[in-house]
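Read off the chains here:
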Amino acid sequence: MDIKSIFDNNKKWVAEKLELDPNFFNELAKGQSPQILYIGCSDSRVTAEELMGISSGEAFVHRNIANMVPNTDLNAMSVINYAVSHLKVNHVVVCGHYNCGGVKAAMQSEDLGLLNPWLRNIRDVYRLHKDELNAIEDEDAKYNRLVELNVQEQCVNVLKTADVQKAVKERDITVHGWVFDLHTGKLIDLKIDFEKILEEIREIYRLD
Ligand SMILES: [Zn+2]
C-alpha cells in the first residue's frame, strides 16, 4: 500500500458520498448521536463499521488489543463514560474475534515485555474459567472458547461501571457480547444471559 493512494482514495470517497447526498458532510458536521458503543479488537482484519454494515455517525468506536475493558484503564473507562452518560447510546457491544493474536499470546508463557500487564487481564479470564478451558482437549477449540469467555468477562466489566449501572436503572440500555469469525465473515451473537450476570454483579458491585 502506498500512502499517497490513501489521499486519492479519500477524494474518490468524498465524491461518491456527495453524489449520493450533497448534504452528507454538512449533516456529519452538525454533531453525532450514535446508538451503539462498539468495543472491538485493534486487529486490522476486524473493522468495526464495515462488518456491521453501518456508516459514519452510527457507532462510537473503541478498539484495543483483544477488546479489553480493564477497570483501571482510563482510556476504556472514559470512552464508556462519554458514550453512555453523554451520547446516551442504547447498546454497548463487546466484539471479539476468533484467531485473536492478543488472546493467543496470553495463552503462551513467553515474556512480551510491555504487553505483559495488558495480556495478564486475559490470563485472569483463563484463571476464572480454568476448569472449563482445561477440559477442552483440542487446542483450537480451547482458544476459540477463551475468545468467547473473554468477550463475556469484558461485558461484565462494562456492566460493572457506574455509568452503565446508572443507565440500566434510568433507561433502556443493553450490553451485547459478539464474536466475529474471520473464516466465514459472520458475526455471532453469544447470547450471554446478562440478567443473570447482572443479578450476581449487583450483589457485589452495587453502587447504592
Ligand atoms: Zn484480536
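- Looking up the protein in an unreviewed UniProt entry gives the name carbonic anhydrase, with the organism given as Neptunitalea lumnitzerae.
- Listed in UniProt under the heading Sequence similarities (unreviewed entry), the comment for the protein reads: "Belongs to the beta-class carbonic anhydrase family."
- UniProt, in the comment section headed Catalytic activity (unreviewed entry), describes the protein in these words: "hydrogencarbonate + H(+) = CO2 + H2O".

Some remarks on the packing of aromatic side chains
Here is step 1: In total, this model carries three aromatic pairs according to the counting rule given.
Here is step 2: Aromatic pair Trp 13 and Phe 25: ring centres 5.5 Å apart, planes at 70°, arrangement edge-to-face. Within this pair, whereas Trp 13 is found in helix H1 (residues 3–20), its partner Phe 25 is found in helix H2 (residues 24–30), the two being separated by twelve residues in sequence.
Here is step 3: Judged by centre distance (5.7 Å) and plane angle (45°), the ring pair of Phe 60 and Tyr 82 falls under tilted. Pair noted here: Phe 60 is in strand E2 (residues 59–64) and Tyr 82 is in helix H4 (residues 74–86), with a separation of 22 residues, a long-range link.
Here is step 4: On the accessibility criterion, Phe 60 (18% relative accessible area) is buried.
Here is step 5: The class for Tyr 82 is partly exposed, based on a relative accessible area of 37%.

Quick notes on the coordination of the zinc ion
Here is step 1: The protein atoms donating to the zinc ion are Cys 41 (SG), His 97 (NE2) and Cys 100 (SG), with metal-donor distances spanning 2.1 to 2.3 Å.
Here is step 2: In the primary sequence, the donor residues of the zinc ion line up as C-x55-H-x2-C. Judged on exposure class, the residue His 97 and its partner Cys 100 are both buried.

Things to note about the side chain of Asn 150
Here is step 1: Along the chain, Asn 150 turns up in helix H8 (residues 139–160).
Here is step 2: With sequence-adjacent residues up to four places away left out, Asn 150 is seen in contact with Ala 66, Asn 67, Met 68, Val 103, Ile 122 and Val 125.

Brief notes about the pattern of salt bridges
Here is step 1: Applying the stated rule across the entire model yields eight salt bridges.
Here is step 2: In this structure, Glu 27 engages Lys 30 in a salt bridge whose closest nitrogen and oxygen atoms are separated by 3.0 Å. Residue Glu 27 and its partner Lys 30 are both found in helix H2; the two are separated by three residues, about one turn of the helix.
Here is step 3: Residue class for Glu 27 comes out partly exposed when judged on its relative accessible area of 42%.
Here is step 4: A salt bridge links Arg 145 to Glu 132; its shortest N-O distance comes to 2.5 Å. Residue Arg 145 is located in helix H8, and its partner Glu 132 is located in helix H7 (residues 130–134); the two are separated by 13 residues in the primary sequence.
Here is step 5: For Glu 132, a relative accessible area of 33% puts it in the partly exposed group.
Here is step 6: Connected via shared salt-bridge partners are Glu 132, Arg 145 and Glu 148.

Some thoughts on the environment of Thr 72
Here is step 1: The residue Thr 72 is located in the loop between E2 and H4 in this model.
Here is step 2: On the accessibility criterion, Thr 72 (78% relative accessible area) is exposed.
Here is step 3: On a C-alpha basis, the gap between Thr 72 and Cys 155 in space is 15 Å, while along the polypeptide they are 83 residues apart.

A closer look at the packing of H8 against helix H10 (residues 194–205)
Here is step 1: Two elements in contact, H8 and H10, have axes whose closest approach is 10 Å; the angle formed by their N-to-C orientations is 50°. It follows from the interaxial angle that H8 and H10 lie oblique. Here H8 runs over H10; the crossing is right-handed. Each of Gln 152, Cys 155, Val 156, Leu 159 and Lys 160 in H8 lies in contact with H10, whose residues at this interface are Phe 194, Ile 197, Leu 198, Ile 201 and Tyr 205.
Here is step 2: For the contact of H8 with H10, the class distribution of residues is eight nonpolar, one polar and one charged.

Quick word on the pairing of strand E4 (residues 174–180)
Here is step 1: With respect to burial, E4 is a largely interior element, six of its seven residues being buried.
Here is step 2: Here strand E3 (residues 91–97) pairs with E4 via seven bridges, running parallel. The residue bridging Val 94 from the neighbouring strand is Gly 177, located in E4.
Here is step 3: Pairing analysis gives three bridges linking E4 to strand E5 (residues 187–189), with the strands arranged antiparallel. Residue pairing for E5: Phe 180 is matched across the bridge by Leu 187.

Conventions adopted
In this numbering scheme, every chain counts its residues from 1 along its sequence in written order. A pLDDT threshold of at least 70 governs which residues receive local features in this predicted model, and a stricter bar of 80 or more applies before side-chain atom pairs are shown or counted, although totals over entire chains, interfaces and linings include all residues. Only heavy atoms go into the side-chain values, all of them from the structure, while hydrogens and water stay out. UniProt positions are given in the numbering used here, feature names are shortened, and annotations may be inferred rather than shown by experiment. Pairing of aromatic rings covers Phe, Tyr and Trp, the last counted by its six-membered ring, and requires centre-to-centre distances within 6.5 Å; plane angles under 30 degrees mean stacked, over 60 mean edge-to-face, and any other angle means tilted. Going along the chain from the N terminus, every DSSP run of H or I of four or more residues is numbered as a helix, and every run of E of two or more is numbered as a strand. Partly exposed describes any residue whose relative accessible area lies between the buried limit of under 20% and the exposed limit of over 50%, with all areas from a 1.4 Å probe on protein chains only and scaled to the type maximum. Note on donors: an N, O or S atom is included if it sits within 2.8 Å of the metal, or within 3.2 Å for Na, K and Ca, and water is never included, so sites can look incomplete. In what follows, a contact means two residues having at least one pair of non-hydrogen atoms within 4.5 Å. One speaks of a salt bridge when a side-chain nitrogen belonging to Lys or Arg is within 4 Å of a carboxyl oxygen belonging to Asp or Glu. Axis lines are fitted through C-alpha atoms, for helices just across the contact stretch, and the angle between N-to-C directions can take any value from 0 to 180 degrees. Throughout this description, any angle smaller than 35 degrees is read as roughly parallel, any larger than 145 degrees as roughly antiparallel, any in the 65 to 115 degree range as roughly perpendicular, and the remainder as oblique. By the definition used in this description, the sense in which the near helix is turned from the far one sets the handedness, with an anticlockwise turn below a right angle giving left-handed and a clockwise turn giving right-handed. Just so you know the grouping, Ala, Val, Leu, Ile, Met, Phe, Trp, Tyr, Cys and Pro go in nonpolar, Asp, Glu, Lys and Arg go in charged, and all remaining residues, Gly too, go in polar. Here, any two strands with at least 2 DSSP bridges between them count as paired.

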